[in-house]
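As a plain string of letters, each chain reads:
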Amino acid sequence: MTKNELIEQIKNLGVENGMKVLVHTSFSKVGKVEDGPEALISAIKEAVTPDGILAMPSYNSYGDYKPNLSIVNEIFRNQKDVVRTNQVIASFAVWGNAK
């Protein structure tokens, strides 16, 4: 699947410019994507636009709790234009217009 096909599918789900979207996904369930998880993240960002907000869980390990997050969440969290909330356990990675 190409990035443009992903954008079309995301918009068909009802995602529009300027929306606030929380994404928690398993990349293996998305199917084969050209250019991998980065293309999926980019497609979601393009569908939401910088006027919206894209958030993904980026939970911390705490005691015996070890979160099992997708590679998509980890790549997203580490992008330069993404910020991480400062909650101790249940943090989120956020991109877009968080005003």
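The structure under discussion appears in the preceding block.
Residues numbered from 1 in each chain as written. Predicted model: local features only at pLDDT ≥ 70, side-chain atom pairs only at ≥ 80, totals over all residues. Heavy atoms only, no water.

**Student:** Talk me through the overall build of the protein chain; I want residue IDs and the actual numbers.
**Tutor:** Scanning the protein chain from N- to C-terminus turns up four helices and four strands. Along the protein chain, helices (α) and strands (β) appear in the sequence α-β-α-α-β-α-β-β when read from the amino end. The C-alpha radius of gyration computed for the protein chain amounts to 14 Å, which stays within 12% of the reference 13 Å derived for 99 residues, consistent with globular compactness. Taking the principal axes of the C-alpha coordinates as reference, the protein chain spans close to 40 × 35 × 25 Å. Counting every position in the protein chain, which comprises 99 residues, the buried fraction comes to 37%. Across the protein chain, every contact between residues at least 6 apart in sequence was considered, and the portion connecting residues at least 24 apart equals 70%. Averaging the locations of the 11 positively and 11 negatively charged side chains of the protein chain gives two centres separated by 7 Å. (Helix = DSSP H or I, 4+ residues; strand = E, 2+ residues; numbered from the N terminus. Rg over C-alpha atoms; globule rule 2.2 N^0.38 Å. Buried < 20%, exposed > 50% of the residue type's maximum accessible area, 1.4 Å probe, protein only. Contact = heavy atoms within 4.5 Å. Lys, Arg positive; Asp, Glu negative; His and termini not counted. Charge placed at Lys NZ, Arg CZ, Asp CG, Glu CD.)

**Student:** Pulling in residues and values, what's your account of the side chain of Ser58?
**Tutor:** When you line up the elements, Ser58 lands in the loop between strand 2 (53–57) and helix 4 (71–77). Polar side-chain contacts of Ser58 include one of 3.5 Å to the backbone nitrogen of Ala93. Residue contacts for Ser58: discarding those within four places in its chain leaves Leu69, Arg77, Arg84, Ser91, Phe92 and Ala93. (Polar contact = N/O pair within 3.5 Å; in protein donor to acceptor, adjacent residues only side chain to side chain.)

**Student:** Just give me the short version of the nonpolar core, but keep the residues and values in it.
**Tutor:** Membership of the largest hydrophobic core comes to 23 residues, with the highest contact counts inside it found for Ile44, Leu54, Met56 and Phe76. Within the residue set of this core, elements represented by two or more residues are helix 1 (3–12), helix 3 (36–48), strand 2, helix 4 and strand 4 (92–96). Here this core gets seven residues from one element, more than from any other, and that element is helix 3. Once residues lying within four places of it in the same chain are set aside, the contact partners of Ile44 are Ile10, Val23 and Leu54. (Core = buried A, V, L, I, M, F, W, Y, C linked by side-chain atoms within 4.5 Å.)

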